[in-house]
Amino acid sequence: MFMKSFLFSAVALAAVAPLTAQETAAPAPATVATVANPAADAVVKHVSALLDGSWKSTFAVQVLEGEKKTADVTVGVQFLDVKHFQLDIAMSTEDEFEGAVSQTFTVVADGTYLYVNSPDMAKMTGGMMSGPVKIELAFAEKMIGSQAKVDINDGGALKGLAAEMIGKMSLKEEGSVEGKRRFIVEQEGVSGFMVFDAKSWFLDSAEVSAEGSLTKISVSDSGKVSEWPEGSFTFTAAEGVVVTDLTSMIKAQMGPMEEESDEDLEF
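Heads up: these notes are all about the structure in this document. Keep in mind it's a predicted model, so treat the numbers as computed, not measured.

Counting secondary structure elements, the chain contains 6 helices and 12 strands. Within the chain, buried positions represent 45% of all 267 residues. In the structure as shown, the chain presents an accessible area of about 13,000 Å², 50% of it carried by carbon and sulfur atoms.

Here you go:
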């Protein structure tokens, strides 16, 4: 559904915390200092610090159900801060009715709006939209925070999401080598590992297995960016193309934020 794709886009940056195989639990404390153990504390601290810097990275994500690959996603990230970033996403999934489905789309946050544009927009929205759409960034943050049950007031929705997901994990550092910090997940129903560059703390790779599903993440082209070219985080529609503002429609459909559910978000 379109809104699920939209939400995935909005939070795709949270791939720095490779926990997509887990269900969202109860709200975590607002600060990141009270996580479960020292290993998780270190990961939360450094991953959160990345969201205070300017950087780029490319994430390749594969999801497997048994021997069958059900999703293949590549996310190219250009990140200035939590309100200015761009995600270039290519996603291939297996649909039980349509078979292999491929989509590409771009998400741009310009400080005021979050834009989504795709040549597949008509298909993604069931014909409701054919061009780019936007939503107020402040509302998008509230929507992410409400869906993930995190406090968005301490560093933004992305920081809260990363802190909540990592903080609830039971992590143990094991298998680290020179230049790499490796952490294993020790938690009922979930197993896996994540590897970070020891100096930069960019994610290097991860695997998480839960309920028969295996998510593999590999990361490349990571690096800090001292200065982005002018206009890097500005969305410009093609000449003659109208950008549709979905903010009011989504607000009306969702109603009070605390009462929303996955079903409420589907078109």
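That was the structure; now back to the text.
In this section: the pattern of salt bridges. Close approach of charged atoms allows side chains with opposite charge to pair. A full pass over the atoms with the stated rule returns 6 salt bridges. Ionic pairing is found between Lys-69 and Asp-72, a salt bridge with its closest N-O pair at 3.1 Å. Looking at Lys-69, the relative accessible area reads 36%, which means it is partly exposed. A salt bridge links Asp-204 to Lys-180, with the nearest nitrogen and oxygen atoms 3.0 Å apart. Here Lys-180 lies in strand β8 (residues 180–187) and Asp-204 lies in strand β10 (residues 203–210), a separation of 24 residues in the sequence.

Spatial strand order, β7-β8-β9-β10-β11-β1-β2-β3-β4-β5-β6-β12: 12 strands in an open sheet with mixed pairing. In this open sheet, the two edge strands, each paired with only one partner strand, are β7 (171–173) and β12 (244–245). Bridge count for strand β1 (residues 55–65) against strand β2 (residues 68–81) is 11 bridges, and the pairing is antiparallel. Pairing of Phe-59 across the sheet is with Val-75, part of β2. Together, β1, β2, β7, β8 and β9 (190–197) form the strand contacts of helix α2 (residues 38–50), whose direction differs from that of β7 by roughly 90°. Strands β6 (133–136) and β12 of the sheet are contacted by helix α6 (residues 247–254), whose axis makes an angle of about 65° with β6.

Within the secondary structure layout, Lys-216 lies in strand β11 (residues 213–224). Among the residues examined, Lys-216 registers a relative accessible area of 33% and is labelled partly exposed. Through-space distance from the C-alpha of Lys-216 to that of Ala-60 is 8.1 Å; in sequence the pair is 156 residues apart. Contact partners of Lys-216, with chain neighbours within four places excluded, come to Ala-60, Val-61, Gln-62, Leu-64, Ala-206 and Glu-207.

What counts, and at which threshold
Residues numbered from 1 in each chain as written. Predicted model: local features only at pLDDT ≥ 70, side-chain atom pairs only at ≥ 80, totals over all residues. Heavy atoms only, no water. Helix = DSSP H or I, 4+ residues; strand = E, 2+ residues; numbered from the N terminus. Buried < 20%, exposed > 50% of the residue type's maximum accessible area, 1.4 Å probe, protein only. Areas by Shrake-Rupley, 256 points an atom, 1.4 Å probe, with all protein chains shown as cover. Salt bridge = Lys/Arg side-chain N within 4 Å of Asp/Glu carboxyl O. Pairing = 2+ DSSP bridges. Contact = heavy atoms within 4.5 Å. Axes fitted to C-alpha atoms, helices over the stretch in contact; angles between N-to-C directions.

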